[in-house]
Amino acid sequence: MAVCEYIKESGDIDYLNKRFPYLDGEEATIYEHLKQAVIWFERKDNYGKNNLPLIHHADWNDALNINDDKAESVFMAMLISKVYNELIDLANYIKDFDYSNKLKINKDKLSKTINTVAYNGKYYVRAFSKYGIVGDTSSKNGGNIYVNPQSWSILSKVCDKDKIDSVVKAMDSLETKYGIPMCMPPYNKYDESVGRMSGMLPGIYENGGIYNHAGCFKVMADCKLHRTEKALNALKS
């Protein structure tokens, strides 16, 4: 995504042809590096039984370190979907249409999977593991909803039109006068199905704390939906 943003801002298409080494010493163009990254995150051994990417100990939220090497991250699937979107636009811009078509097929497949397995009828859950579902109404210890899967379902263009209203409603329900918490309600006690964040004091850090990074994702989602007043209010809180 950083490369795509750089190209957008600078217009420096030639940057894609610059050669840089891999860690093993071989060399390739920046564009080939991007393609190799896609090859890595599309590997079958990086996906679990729900066909979602493995969390690999922890994803963006390093405190969500679920004790299960087969745990799957819904949020990571949305991040990958966003990467697909950016690379599709880039490939189209440089007229690599065969590659952009391939990426679109894979993006659509992943989006369909997310909407099939991760939407609970009101919003998107956070993760799956051998213990069950993280970020769902079924949790009796807290963490029934996480903000990031809601905001990123919009930012990644994963959220279907028929789900937008319920997802936005769920996302808005997390707002407080102090800001946007990572999840709600906070976990009451340590839970190995969640990991380190559940052992933090309720309302502190990742355990239901006001998290500016996650709050800004919500602001970005509001902007994408042209909800200017909601974005400003969320930014001020």
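Everything that follows concerns the structure shown earlier in this document.
Residues numbered from 1 in each chain as written. Predicted model: local features only at pLDDT ≥ 70, side-chain atom pairs only at ≥ 80, totals over all residues. Heavy atoms only, no water.

Novice: Hey, could you run me through the nonpolar core in this one?
Specialist: Side chains that are nonpolar tend, in soluble globular proteins, to be buried together. Counting 50 residues, the largest nonpolar core has Leu-16, Val-74, Leu-87, Leu-90, Ile-114 and Tyr-124 as its most contacted members. Counting residues per element, the ones that place at least two in this core are helix H1 (2–10), helix H2 (30–41), helix H3 (74–93), helix H4 (97–117), helix H5 (147–155), helix H6 (164–172) and helix H7 (212–224). The greatest single-element share of this core, amounting to 12 residues, is contributed by H3. In terms of nonpolar packing, the next biggest core, distinct from the first, is built from 13 residues, Ile-55, Ala-71, Val-134 and Cys-183 among them. (Core = buried A, V, L, I, M, F, W, Y, C linked by side-chain atoms within 4.5 Å. Buried < 20%, exposed > 50% of the residue type's maximum accessible area, 1.4 Å probe, protein only. Helix = DSSP H or I, 4+ residues; strand = E, 2+ residues; numbered from the N terminus.)

Novice: Sorry if this is basic, but what is going on with the packing of aromatic side chains here?
Specialist: When we look at a pair of aromatic rings, we describe it by the centre distance and by the angle of the planes. Under the definition given, this model contains nine aromatic pairs. Measuring from centroid to centroid gives 5.0 Å for Tyr-6 and Tyr-15, while their planes differ by 65°, and the two rings are edge-to-face. Arranged with centres 5.3 Å apart and planes meeting at 85°, the rings of Trp-152 and Phe-217 form a pair that is edge-to-face. Separated by 65 residues along the polypeptide, Trp-152 in helix H5 and Phe-217 in helix H7 bring together distant segments of the chain. Residue Trp-152 is classed as buried on the basis of its relative accessible area, which comes to 7%. Positioned over the ring face of Tyr-99 is Lys-35, at 4.5 Å from the centre of the ring. Directly above the aromatic system of Tyr-119 lies the positively charged group of Lys-163, at a separation of 5.1 Å from the ring centroid. (Phe/Tyr/Trp six-rings, centres within 6.5 Å; stacked < 30°, edge-to-face > 60°. Lys NZ or Arg CZ within 6 Å of the ring centre and 35° of its normal.)

Novice: Sorry if this is basic, but what is going on with H5 here?
Specialist: Residues spaced three or four apart along an α-helix point in a common direction, a consequence of the helix completing one turn every 3.6 residues. With nine of nine residues buried, H5 lies mostly within the body of the structure. Taken together, the buried positions of H5 are occupied by Val-147, Asn-148, Pro-149, Gln-150, Ser-151, Trp-152, Ser-153, Ile-154 and Leu-155. In this structure, the buried residues of H5 make contact with H3, strand E6 (145–146), H6 and H7. Looking at the residues trailing H5, positive phi occurs at Lys-157, about 60°. (Contact = heavy atoms within 4.5 Å.)

Novice: Just checking my understanding: could you explain the packing of H1 against H3 for this structure?
Specialist: Geometry of a packed helix pair, given as the angle between the helix axes and the separation of the axes. Two elements in contact, H1 and H3, have axes whose closest approach is 9 Å; the angle formed by their N-to-C orientations is 45°. With respect to each other, H1 and H3 are oriented oblique. With respect to the hand of their crossing, H1 and H3 are arranged in left-handed fashion. Note on element contacts: H3 touches H1 through Glu-86, Leu-87 and Leu-90, opposite Cys-4, Glu-5, Ile-7 and Lys-8. (Axes fitted to C-alpha atoms, helices over the stretch in contact; angles between N-to-C directions. Parallel < 35°, antiparallel > 145°, perpendicular 65-115°, else oblique. Left-handed = near helix turned anticlockwise from the far one by under 90°.)

Novice: I keep staring at the environment of Tyr-123 and nothing clicks. Help me out?
Specialist: Structurally, Tyr-123 is set in the loop between H4 and strand E4 (127–129). Exposure remark for Tyr-123: the relative accessible area of 7% places this residue in the buried category. For the pair Tyr-123 and Ser-166, spaced 43 residues apart in sequence, the C-alpha to C-alpha distance is 6.5 Å. Look past the residues within four positions of Tyr-123 in its chain and what remains in contact with it is Ala-118, Gly-135, Asp-136, Thr-137, Asn-144, Ile-145, Gln-150, Val-167 and Ala-170. Within the structure, Tyr-123 has its side chain in polar contact with the backbone oxygen of Asn-144 (distance 2.7 Å). (Polar contact = N/O pair within 3.5 Å; in protein donor to acceptor, adjacent residues only side chain to side chain.)

Novice: I would appreciate a short explanation of the environment of Ala-77 in the present structure.
Specialist: Summarising the element assignment, Ala-77 is placed in helix H3. On the basis of relative accessible area, Ala-77 is assigned to the buried category, the value being 0%. Each residue touching Ala-77, except ones within four places of it in the same chain, is listed here: Leu-52, Pro-53, Leu-110 and Ile-114.

Geometry only, nothing functional implied.
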